[in-house]
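# Commentary on secondary and tertiary structure
Residue-level listing of the chains:
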Amino acid sequence: MVAEIRRLPLKTTQGWTARSLPPSPAPTTFVRNEDGPPSVAYIATRATPGAIVMLIAITAVILSFRCSSLETDQRDFVDPHTYEDPYAAVEEFAQEIDASLITVGPEIGVGQFGCVRRGKLGERTVAIKTLKPGSTEKARMDFLSEASIMSQFQHPNVVLLRGVVTESIPLMIITEFMDQGSLDKYLVKKARCLQSFHLLVILRGVAAGMQYLSQMKYVHRDLAARNVLVNSQLVCKIADFGLSRKLEGIAEGIYTTRGGIIPFRWTAPEAIALRTFTPSSDVWSFGIVVWEVMSYGQRPYWNWRNSEVIQRVKEGYRLPAPAGCPKALHQLMLDCWQRQSAHRPLFVSIVDTLDGFIRCPERLNMETRHR
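Below is a summary of the structure that appears in this document. (Residues numbered from 1 in each chain as written. Predicted model: local features only at pLDDT ≥ 70, side-chain atom pairs only at ≥ 80, totals over all residues. Heavy atoms only, no water.)

### Describing the overall build of the protein chain
Tallying secondary structure elements over the protein chain gives 10 helices and 16 strands in all. By the burial criterion, 52% of the 371 residues in the protein chain qualify as buried. Expressed as a percentage of contacts within the protein chain between residues at least 6 apart in sequence, the contacts between residues at least 24 apart total 68%. (Helix = DSSP H or I, 4+ residues; strand = E, 2+ residues; numbered from the N terminus. Buried < 20%, exposed > 50% of the residue type's maximum accessible area, 1.4 Å probe, protein only. Contact = heavy atoms within 4.5 Å.)

This is the structure in structure tokens:
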């Protein structure tokens, strides 16, 4: 049976309108190897005919990435936290799904608000987040707000919301299913299979998703490999928007909080000290994700205590290059970890840099000067 999803009318400042969400752009896919991750053949450093053919293939990959970005829906966003009733935001932005169309399967993880299960929406495999029984009113509001946030994102590198269940218990958030799970676990599991090109594709996907979010004037606040999901085609998508907030201001948006959870090992020093979050603090977190990827899922700062991490970073310590990490990628990390947030690169620049590495892998080991 094909699942039917009800589209709800929207109430805006101009009155009630109908929203028709465009289809999500198809992500770039790669040829899959039997014993490893999907890949394109390694580019030979010598000027052989095979290398020329592969250069053409890599160029096609870049063009496909860019075409997907151009097709991405780019709307203005409304912060669901400004609604007194979180159900009103859900009704405005999300699609309500009849619970009878959902088949709940085995548990595959634990989320911020409850468990995550694999399931079916009609014939489509999905991931199902449920709000655990006995949750506080704040947890319920945050759960619904996350659904309202996700429903406004349409990008190949951001997890897609299929819909919500709010008219029965338990409350559910239905998202696309990413069969390889979280990036941190994927890196550990596939460490022997992943080559430099695979790692670049992973980083490029994460950077593209974050570029989109920053252009939407959103700050993620919790970017880490554990919050990136991977599918069997090596497409990486940003997930877990429980800490996301809309940014205020015309130029460099700022979000300030007086409390709440802070993932210290991934968070910029100014965000820890001042509770101030910007796209630049997300760039710092991306630098940590680059380190996680190039170390195949190691824990940043190893077994240091959080207090030690905070103090050492404040004193100027930066994570060293993981074993075998190209010089240029460690330089990218250092650029993301500039003390002055204004000196950190923008995500659009990071995407361009990674595109350049994918086109010309020999640039990865070139000497670069710290800016």
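### Let's talk about the nonpolar core
Judged by nonpolar contacts, the single largest core of 80 residues is most densely connected at Leu-183, Val-206, Phe-286, Leu-329 and Leu-354. Per element, the largest residue contribution to this core is 11 residues, and it comes from helix α5 (residues 196-215). Those residues within four positions of Val-206 in sequence are excluded, and the remaining contacts are Leu-183, Leu-223, Val-228, Cys-236, Ile-238, Phe-286 and Val-289. One finds Leu-101, Ile-102, Leu-121 and Val-165 within the second-largest nonpolar core, a separate group that totals 9 residues. (Core = buried A, V, L, I, M, F, W, Y, C linked by side-chain atoms within 4.5 Å.)

### Some details on helix α3 (residues 137-150)
Taking 1.5 Å per residue, 14 residues should reach 20 Å; α3 reaches 20 Å between its end C-alpha atoms and fits that length. Counting buried positions along α3 yields 11 of 14 residues, so the element is predominantly enclosed. Looking at α3, one finds that the buried residues are Ala-139, Arg-140, Asp-142, Phe-143, Leu-144, Ser-145, Glu-146, Ala-147, Ser-148, Ile-149 and Met-150. (Expected span 1.5 Å × (residues − 1).)

### Regarding the pattern of salt bridges
On inspection of all chains with the given rule, the structure shows 7 salt bridges. Of the charged contacts in the structure, one is a salt bridge between Asp-355 and Arg-204, with a shortest N-O distance of 2.8 Å. Here Asp-355, found in helix α10 (residues 347-359), pairs with Arg-204, found in helix α5; they are 151 residues apart in sequence, far enough to count as distant. Each member of the pair, Asp-355 as well as Arg-204, is classed as buried. (Salt bridge = Lys/Arg side-chain N within 4 Å of Asp/Glu carboxyl O.)

### As for helix α9 (residues 327-336)
Summarising burial for α9: 9 of the 10 residues are buried, a large majority. Along α9, the positions that sit buried rather than exposed are Ala-328, Leu-329, His-330, Gln-331, Leu-332, Met-333, Leu-334, Asp-335 and Cys-336.

### Comments concerning the environment of Phe-286
Locating Phe-286 in the fold gives a position in helix α7 (residues 279-294). Through-space distance from the C-alpha of Phe-286 to that of Ala-207 is 7.6 Å; in sequence the pair is 79 residues apart. Excluding residues within four positions of it along the chain, Phe-286 makes contact with Leu-203, Val-206, Ala-207, Leu-223, Leu-332, Cys-336, Phe-347, Ile-350 and Leu-354.

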